[in-house]
Amino acid sequence: MGLGWARQQNASRQVGHYDENMLPEMLPIYYTRLFPQNIFCRWLTCGSSPQPLSNRELSFTLADDVYLRYLSFSDQKELQTLLQKKCPHKLDIGAVYNTKPSVGRHDAVVLSRELVFDIDLTDYDEVRTCCQEAKVCAKCWTFMVIACEIIDKTLKEDFGFQSILWVFSGRRGIHCWVSDYEARTLDSPGRGAVADYLCLIMGGDNQNKKVHLGGDNLHTSIRRALSIIDKYFDKLLEEQEFFSTSDRLEKMLKMIPDETLRSQVQKALEGMPDSSSERWKKFISIYENYCREAGNSRKIRYLAEEIKIQYCYPRLDVNVTKGFNHLLKSPFSIHPKTGKVSVVFKPSNAKNMKLDEIPSIYSLLDDSAPDNALHETNMKAAVKNFQEVVFSLEKAEAIRRKQDGNMSLDF
Amino acid sequence: MSFFYLNPVKGDLPAHLLEVILFNRLGYLNTVFSSEPPVYNEYVVEGSIYDNVGHFILCIISILSENPEFSEYILRTELKLFKRRLTSLSAYEMRSFSKKLLRSIKKHESVPAFIEALQVLCQHLMLKEVAQHMCATHRYDCVKHNIRVHFKQCLHLVAKRQVEITNGVAVIPCGKWYQYLISLFRQNLVNRINKTDLAPLKSDSRIMELLYKIRKQYTFSKQMSNKLLSKDVDSASLHFPPCMLNLHQNLRRRHRLSHTQRFHYSLFLKDIGMPIEESIEFWRSEYRLHPNGHHSCCHNWEKDEKKYIYGIRHMYGLEGCKRNYPSVNCQVIQSIDNSNSEGGCPFKSFDYDKMVPLLKNCSQPVLSQINELKSKGLYTNACMLFMQNGFTKENCDNCSFNFTPVKFYNMSISKSKDAKL
């Protein structure tokens, strides 16, 4: 199939400048040829069981921000028809209801829903120094790498979850979908507790020190998180230069609750070269000395850890996790503003991901685009990652159903 | 019978005695609530038949009253009573308490998962050595004994990272067993109040008479019906609680609020009497202006008018699922702690120098009292103290268990009216 039109339009614009107006023409092709419909349906079928796939809410955002809620489909064919008919600019996935959502609408009861996590780089604006708001770069991606590793390990080791899907959100963040039966059927208080378990940074714009670990021994999950942060902390210090200007330094100083220590640190650090790594080292040596000399240092026992956490620990949008029926952007949906595909990635590979290598609809559908070959390869890899998670989920579901079957036979 | 109230007693009782039991229990709970030292009351002897009857009849009244505030009060005071009783048990009493509980659990064929967890706990507590260990001076961080339960059975311990979890199984050390037992009691009571269907009782004249008497005795705060106009918000803000005043000032300064905060502030305005048309007018007047300073909002009224009006109408219960959203209470405001938001409870999540400007006309002694409450974690009390501007004599104990910004506003308004008279 020729893509002459894409090439023509390509000629009239500069590389890297994408035109949102082209989406209505490109999306139907993307949905038919590249969107992994089959795996997508299998993923949602497993994730909806024992309810039928058609009880799952899908919502579309059309051109001009028109929302369509309470859509559903019962098989791949219906999905394809729906996608072609409405040509959504964005796909969101909702909860599984006790009936077809289009029938039940507001009266339908939510029965299950993947446990989801949403991490957005805008929540890091108070710590990241490279970009602000919607902008992202390779430097701030390190925050996402840390977040992904910490959350993934916690979900697996502490909660025992297996079917965990990691998705790039399309612009400046990542999503995590946990499809284990236990996670899907977790009630609202349960979701709230898991979210709180993962939240260490508390307090809003009006508070300087947002992490308080107390004086008792640290919880295993916090120690593990710190060991992950330590792997990246030097890199982040160099890239972000957290303490290099007087403004940034002041922010850090405000996190020190002990006035004597604060003024000691301030005096020493202000007279030093700008390098954040050097300043951090100096801070640590002053702090350790201070703790040794001062008798009662319980209040600042974990000060260094608290500062590290405030700068590096994942900042979850807890409302997304706590809400039972919060809509969340689907894997392989296109981000309407960037044109990027919400690709599935392996948590172990997060650190190797490069933002400009994430496939975008424009270069995927334009075989003359410079990134075309690379993006196609990466798209294939993303689909393969998706497949792997879905296959293991299907296996786990089969085992669960078999066990359920045995249980009911006992009676 | 144990004072965990797993099962109600069976048998006959004269109806007039029911009333005596009920009012004695309520009176006793009031003393528990205000932390007065326990006084002997023959109707509330722990584990007695009257105690059991009193508990269940109170639950019935609380369900039938359909008043969330009253139910919350019952829940809190019953919980406090349970805590008081539990912590005063001797080792011998602890063992018999557990044995009784185990017996009543066994009477059921199938029990909810949290009762299974209770069973595991009781099987430990009935052992002589364990009970003695628990009832001797026992440290909060003691880890001598452990029980293992699924993490779903101890969510509040999980949320605060007070237990270690491996593969979904939480290990609860004995230092936290009391806390855990209290949470199980709470869960059982919440289940009972929320999930029992008492429709048949509504035609029982004896119960309805009791309900009537309770309603007469415990009148609950009514909503004010003053209409608040968009142009009057600035002058009304003199009576706003600090959290809402903060949002108001932020909005006036930057012309934007983040999503959750906008939601909280709109609902607050709604509940202090702002009608829908005025609300639309109010938000329009701010959102048509350009956002000021650092704010990630890229919307404005002209572009997104339909969305905004839909959002506001939704909050008034006119769109979507047509649910009339109530404004949030202090507990919610204090528990939501987004790291990047302008809002929150100033007494909890603001640094001192950010909090003080929000507390107008606050003298130095009051401020230091507030600081003391703040350091103890009593944020709501700090707020109430501020509202009364140091005059703690006035009794507002009866609203402290479910304080809300709306209550603050209403009380502040009525106080200023009293002052004028």
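No experiment lies behind these values; they were computed from the predicted model shown. Throughout, a residue's number is its position along its own chain's written sequence, starting from 1. By the order in which they are written, chains take letters starting at A while ligands take numbers starting at 1. Selection of residues for local features in this predicted model requires a pLDDT of at least 70, selection of side-chain atom pairs for listing and counting requires 80 or more, and totals for whole chains, interfaces and linings are taken over all residues. As a convention, hydrogens and water are excluded, and side-chain values are obtained from all of the structure's heavy atoms.

## Some details on helix 1 (residues 15-33) of chain B
Residue and element names in this part refer to chain B.
Item 1. Note on conventions: DSSP H or I runs of at least 4 residues are helices, E runs of at least 2 residues are strands, and numbering of each starts at the N terminus. Under the convention used throughout, the expected extent of a helix is 1.5 Å for every residue step, that is, one less than its residue count. Spanning 19 residues, helix 1 covers 27 Å between terminal C-alpha atoms, matching the ideal 27 Å at 1.5 Å per step.
Item 2. Considered for burial, the residues of helix 1 that qualify are L17, L18, I21, L22, R25, L26, Y28, L29, V32 and F33. Buried residues of helix 1, seen end-on, are gathered within an arc of 165 degrees and therefore sit on one face of the element.
Item 3. When checking whether two residues touch, look at their non-hydrogen atoms; a contact exists if any pair is within 4.5 Å. In this fold, the buried residues of helix 1 make contact with helix 2 (49-65), helix 3 (68-87) and helix 9 (205-217).
Item 4. Of the residues one or two after helix 1, S35 is the one with positive phi, at around 55 degrees. Only protein chains enter the accessibility calculation, which uses a 1.4 Å probe. A residue is then buried if its area is under 20% of the maximum for its type, exposed if over 50%, and partly exposed in between. The arc in question is traced by the directions running from the helix axis to the C-beta atoms.

## Observations regarding the domain arrangement of chain A
Residue and element names in this part refer to chain A.
Item 1. Residue ranges for the domains originate in an automatic or database domain assignment. Looking at chain A, the domain boundaries give domain 1 (17-196 + 316-410) and domain 2 (204-312).
Item 2. Computed from C-alpha coordinates alone, the two centres of domain 1 and domain 2 are separated by 36 Å.
Item 3. Each partner contributes residues to the interface: domain 1 has 18 residues there, and domain 2 has 18 residues.
Item 4. Interface area, domain 1 with domain 2, both sides summed: about 1700 Å², of which 53% is carbon and sulfur.
Item 5. Taken as a group, E126, T129 and I146 account for 32% of the area that domain 1 buries against domain 2, more than any other trio of residues on that side.
Item 6. The salt bridge definition used is simple: a Lys or Arg side-chain nitrogen within 4 Å of an Asp or Glu carboxyl oxygen. Our enumeration of links across domain 1 and domain 2 arrives at 4 salt bridges.
Item 7. When the shortest N-O distance is used, the salt bridge between K231 and E149 registers 2.5 Å.
Item 8. Identification of polar contacts relies on pairs of N or O atoms within 3.5 Å, with a donor-acceptor requirement for protein atoms, meaning one able to donate a hydrogen and the other able to accept it, and with residues adjacent in sequence counted only if both atoms are side-chain atoms. On inspection of domain 1 and its partner domain 2, the count reaches 10 residue pairs in polar contact (both at pLDDT 80 or more).
Item 9. Residues of the side of domain 1 that touches domain 2, tallied by class, amount to 7 nonpolar, 3 polar and 8 charged. Note: buried area is the sum, over both parts, of the accessible area (probe 1.4 Å) each one loses when the two are combined. Residues are grouped as follows: Ala, Val, Leu, Ile, Met, Phe, Trp, Tyr, Cys and Pro are nonpolar; Asp, Glu, Lys and Arg are charged; every other residue, Gly included, is polar.

## Some details on the pairing of strand 3 (residues 90-97) of chain A
Residues and elements named next belong to chain A.
Item 1. Within strand 3, 7 of the 8 residues are buried, which leaves the element mostly enclosed by the surrounding structure.
Item 2. A pair of strands is considered paired only if DSSP assigns at least 2 bridges between the two. As defined by bridge partners, strand 1 (residues 56-61) adjoins strand 3 across 5 bridges and the pair is classed as antiparallel. Across the sheet, L58 pairs through a bridge with I93, a residue of strand 3.
Item 3. In the sheet, strand 3 pairs with strand 4 (residues 110-112) via 2 bridges, with the strands oriented antiparallel. Bridging from a neighbouring strand, V96 pairs with S112 of strand 4.

## Considerations on the packing of helix 10 (residues 246-253) of chain A against helix 11 (residues 259-270) of chain A
Residue and element names in this part refer to chain A.
Item 1. Contact geometry of helix 10 with helix 11 gives a least axis separation of 11 Å together with a crossing angle of 160 degrees. It follows that helix 10 is roughly antiparallel to helix 11 by the angle criterion. Our pair here, helix 10 against helix 11, has a crossing hand that is right-handed. Two secondary-structure elements touch here, helix 10 through L249, M252 and L253 and helix 11 through R262, V265, Q266, L269 and E270.
Item 2. Of the residues assigned to the contact of helix 10 with helix 11, the class counts are 5 nonpolar, 1 polar and 2 charged. Axes here refer to lines fitted to C-alpha atoms; in helices the fit is confined to the stretch in contact. Angles between the N-to-C directions go from 0 to 180 degrees. Here the word oblique covers every angle except those under 35 degrees (roughly parallel), over 145 (roughly antiparallel) and from 65 to 115 (roughly perpendicular). In this scheme, a crossing is called left-handed if the near helix is turned counterclockwise away from the far one by less than a right angle; it is called right-handed if the turn is clockwise.

## Things to note about empty space enclosed by the protein
Item 1. Cavity: a set of points on a 1 Å grid over the protein atoms alone where a 1.4 Å probe fits but cannot get out. Pocket: an open set with protein on both sides within 12 Å along at least five of seven lines, its lining residues, like those of a cavity, having an atom within 4 Å of a point. Grid points are joined across faces, edges and corners, and a volume is the space filled by probe spheres set on the points. One pass over the structure, following the stated rule, counts 3 cavities of 30 Å³ or more.
Item 2. Estimated volume of the largest cavity: approximately 80 Å³.
Item 3. If you trace the largest cavity, you find it lined by P242, C243, C330, I333, Q334, C345, P346, F347, Y379, T380 and C383 of chain B.
Item 4. Partitioning the lining of the largest cavity into residue classes produces 9 nonpolar, 2 polar and no charged.
Item 5. If you add up the space inside the second largest cavity, you get close to 70 Å³.
Item 6. In this structure, the second largest cavity is lined by I150, T154, Y197, L198, L200, S221, I222, R224, A225 and Y313 of chain A together with R161 of chain B.
Item 7. Listed by contribution, the elements that provide at least two residues to the lining of the second largest cavity are helix 6 (138-158), helix 8 (188-198) and helix 9 (220-240) of chain A.
Item 8. By residue number, the principal contributor to the lining of the second largest cavity is helix 9 of chain A, which donates 4 residues.

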